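Fold and contact review
Listed below are the residues making up each chain.
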Amino acid sequence: MLNVAVLVSGGGTNLQAIIDANIPNVDIKLVISNNKKAYALERAKNAGIKALCLSPKDYEDRELFHEDLIKTLQEHEIQLVVLAGFLVNISPKMVQAFPRKIINIHPSLIPSFCGKGYYGLHVHEAALERGVKVTGATVHYVDEGTDTGPIILQKPVMVEKGDTPEILQKRVMEQAEWVILPKAIEMIANGGLE
Ligand code: GAR
């Protein structure tokens, strides 16, 4: 069994996709949100998964927040950390504590529309502004940069006439994110990755 923690900040539709995928040899031990109002916490509770809120706002500095986050993950013997819409920057210490054991879903085809400031709806606004005809999503390992780690899976999604950022976001989630995030976890848990 691979012990997995999913880190979230918002609605948790990617968390739901992971739960619904019922991935063999995967135990979702823990969901952590930095935002106590995140609907993702409800999704975790509804699925009988332990749900915690750890917010940087409750700590004197980011260093102390990350120390507690690492400690919590280690106490639960977490072997894979999945960032599923987690909007807190991960510290170098966290990357060192979990080398090649943290993955992230990003709503574009990296290296387009990624890095500082590109998260959530902003990514789709930028893609429409640039006029790309194809966008998509990427699952990658997390390293010390922002969206710079090795790519695991990508899936393209067509942009359509009349798309708004919201419509495009929904299509990218449905056609790409909810497919490749569970798939990547499945590959990691069951030895499908080189
Ligand atoms: C998802 O679209 C995810 O790709 C994005 O936040 C959304 C979370 O939705 N993540 C980023 O932009 C990270 N840079 P969810 O809470 O419904 O899964």
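Residues numbered from 1 in each chain as written. Predicted model: local features only at pLDDT ≥ 70, side-chain atom pairs only at ≥ 80, totals over all residues. Heavy atoms only, no water.

**What about the overall build of the protein?**
- When helices and strands are tallied, the protein shows 6 helices and 7 strands.
- Seen in sequence order, the protein has helices and strands lined up from the N terminus as β-α-β-α-β-α-β-α-β-α-β-β-α.
- Rg of the C-alpha trace for the protein: 16 Å, near the compact-globule value of 16 Å for 194 residues, within the 12% margin.
- In terms of overall dimensions, the protein has C-alpha extents of about 50 × 40 × 35 Å along its principal axes.
- When burial is assessed residue by residue, the protein has 48% of its 194 residues classed as buried.
- If you take every contact in the protein between residues at least 6 apart in sequence, the share linking residues at least 24 apart comes to 65%.
- Positive and negative charge centroids in the protein, built from 20 and 23 side chains respectively, lie 3 Å apart. (Helix = DSSP H or I, 4+ residues; strand = E, 2+ residues; numbered from the N terminus. Rg over C-alpha atoms; globule rule 2.2 N^0.38 Å. Buried < 20%, exposed > 50% of the residue type's maximum accessible area, 1.4 Å probe, protein only. Contact = heavy atoms within 4.5 Å. Lys, Arg positive; Asp, Glu negative; His and termini not counted. Charge placed at Lys NZ, Arg CZ, Asp CG, Glu CD.)

**Focus on the site of the ligand**
- Taken together, 14 residues lie near the ligand, and G12, T13, N14, G120 and E177 sit nearest.
- One of the side-chain nitrogen or oxygen atoms of H106 is found 3.3 Å away from a nitrogen atom of the ligand.
- Burial of the ligand by the protein chains amounts to 91% of its free accessible area of 440 Å².
- The set of elements that each furnish at least two residues to the shell around the ligand consists of helix 1 (13–21), strand 5 (102–106) and helix 6 (165–189).
- Looking at side-chain class alone, the shell around the ligand contains 5 nonpolar, 8 polar and 1 charged residues. (Near = heavy atom within 4 Å. Polar contact = N/O pair within 3.5 Å; in protein donor to acceptor, adjacent residues only side chain to side chain. Areas by Shrake-Rupley, 256 points an atom, 1.4 Å probe, with all protein chains shown as cover. Nonpolar A, V, L, I, M, F, W, Y, C, P; charged D, E, K, R; others polar.)

**With respect to the pattern of salt bridges**
- Tallying each qualifying case throughout the model produces 6 salt bridges.
- Measuring nitrogen to oxygen at the nearest pair gives 3.9 Å for the salt bridge that ties K71 to D68. Of this pair, K71 and D68 both sit in helix 3 (residues 62–75), 3 residues apart, which is roughly one turn of that helix.
- Here K170 and E174 are joined by a salt bridge, their closest N and O atoms 3.1 Å apart. You can see K170 and its partner E174 sitting in helix 6, 4 residues apart, about one turn around the helix. (Salt bridge = Lys/Arg side-chain N within 4 Å of Asp/Glu carboxyl O.)

Read these as geometric descriptors, not functional statements.
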